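In case you want the letters, here they are:
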Amino acid sequence: MAIERTLAIIKPDAVAAGHIGEIISMIEQAGLRILAMKMKRLSRREAEEFYAVHRAKPFYSSLVAFMTEGPVVLLALEGDNAIQRWREVMGKTNPAEAAEGTIRRRFGTNIERNAVHGSDSPETASFEVPFFFPTAELL
Ligand code: CMP
């Protein structure tokens, strides 16, 4: 299996609710290695650029407002098949459809306030990881 890198975000809802520790624990238990991690409040511009692929969607402005309402935790992860593995640990985008035991099922509120983000493909990961982490910050 290929060693991959992926970007994880613990979103403002999960940070505010005090779930950082449990989510990081689930990342480690899944065998994903944390290459870099930082907590910050995204600027409006960062959130707009990060989610630019969704610019035409009806939920775009609400998503940008949500992602900038409070601090997030950004993590660069690495491991065998890391992109798919992290997506399995997160669960489906809509917490109501996510499998029992996944992060979104446990901690998500609705399709927007869904606790975590993960890159959805190698192409997305190659945009998203360097968006927040210059190579020199990956340990
Ligand atoms: P994420 O995996 O970060 O990718 C895009 C985000 O947009 C998604 O998680 C949700 O937070 C949000 N999102 C996706 N679909 C919808 C929707 N139908 N309505 C509102 N927000 C959405």
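Since the structure is predicted, the reported quantities are computational estimates derived from the model, not experimental observations. (Residues numbered from 1 in each chain as written. Predicted model: local features only at pLDDT ≥ 70, side-chain atom pairs only at ≥ 80, totals over all residues. Heavy atoms only, no water.)

1. What to know about the overall build of the protein
Then, in step 1: Within the protein, the secondary structure is distributed over seven helices and four strands.
Then, in step 2: Computed over C-alpha atoms, the radius of gyration of the protein comes to 14 Å, within 12% of the 14 Å expected from 2.2 N^0.38 for 139 residues, which places it in the range of a compact globule.
Then, in step 3: Across its three principal axes, the protein shows a C-alpha extent of roughly 35 × 35 × 25 Å.
Then, in step 4: Within the protein, the proportion of its 139 residues that are buried is 47%.
Then, in step 5: Taking as baseline every contact in the protein between residues at least 6 positions apart, the subset at least 24 positions apart corresponds to 75%.
Then, in step 6: As displayed, the protein has an accessible area near 7100 Å², and 53% of this comes from carbon and sulfur atoms. (Helix = DSSP H or I, 4+ residues; strand = E, 2+ residues; numbered from the N terminus. Rg over C-alpha atoms; globule rule 2.2 N^0.38 Å. Buried < 20%, exposed > 50% of the residue type's maximum accessible area, 1.4 Å probe, protein only. Contact = heavy atoms within 4.5 Å. Areas by Shrake-Rupley, 256 points an atom, 1.4 Å probe, with all protein chains shown as cover.)

2. Quick look at the layout of surface pockets
Empty space among the atoms becomes visible once a probe the size of a water molecule is rolled across them.
Then, in step 1: Put simply, the largest pocket is a space of about 500 Å³.
Then, in step 2: Looking at the lining of the largest pocket, the elements that each hand over two or more residues are helix H5 (82-90), strand E4 (116-118) and helix H7 (122-132).
Then, in step 3: The element contributing the most residues to the lining of the largest pocket is H7, with three residues. (1 Å grid on protein atoms, 1.4 Å probe; cavity = no way out; pocket = protein on both sides within 12 Å on 5 of 7 lines; lining within 4 Å. Points joined across faces, edges and corners; volume = space filled by probe spheres on them.)

3. Here's the deal with H5
Then, in step 1: Within H5 the residues assigned to the buried category are Ala82, Ile83, Trp86, Val89 and Met90. End-on view of H5: buried residues confined to an arc of 130°, all on one side of the axis.
Then, in step 2: At its buried positions, H5 is contacted by strand E1 (3-10), helix H2 (20-29), strand E3 (72-80), helix H6 (103-107), E4 and H7.
Then, in step 3: Immediately beyond the C-terminal end of H5, within one or two residues, lies glycine 91, with a positive phi of roughly 90°. (Arc of directions from axis to C-beta.)

4. Notes on H2
Then, in step 1: Those residues of H2 that sit buried are Ile23, Ile24, Met26 and Ile27. Each buried residue of H2 lies within a common arc of 155° when the element is viewed along its axis, so the set occupies one face. In this structure, H2 carries Glu28 and Gln29 as exposed residues pointing more than 90 degrees from its buried face.
Then, in step 2: Just downstream of H2 lies glycine 31, where phi reads positive at about 80°.

5. Looking at the site of the ligand
Then, in step 1: Inspection of the region around the ligand gives Lys11, Tyr51, His54, Phe59, Leu63, Arg104, Ile111, Glu112, Asn114 and His117 as its neighbouring residues.
Then, in step 2: In the model, an oxygen atom of the ligand is placed 2.7 Å from a nitrogen or oxygen of the lysine 11 side chain.
Then, in step 3: In this structure, an oxygen atom belonging to the ligand sits 2.6 Å away from a side-chain N or O atom of tyrosine 51.
Then, in step 4: Taking 450 Å² as the accessible area of the ligand by itself, protein coverage stands at 79%.
Then, in step 5: Mapping the ligand onto the cavity grids shows that it belongs to the largest pocket.
Then, in step 6: Its residues assigned to classes, the shell around the ligand comprises four nonpolar, three polar and three charged. (Near = heavy atom within 4 Å. Polar contact = N/O pair within 3.5 Å; in protein donor to acceptor, adjacent residues only side chain to side chain. Sits in = over half its atoms within 2 Å of the grid points. Nonpolar A, V, L, I, M, F, W, Y, C, P; charged D, E, K, R; others polar.)

6. Looking at the pairing of E3
Then, in step 1: Here E3 lies mainly inside the structure; eight of its nine residues are buried.
Then, in step 2: Bridge analysis of strand E2 (residues 33-40) against E3 gives seven bridges, and the strand direction is antiparallel. Its bridge partner being in E3, alanine 36 is matched across the sheet by alanine 76. (Pairing = 2+ DSSP bridges.)

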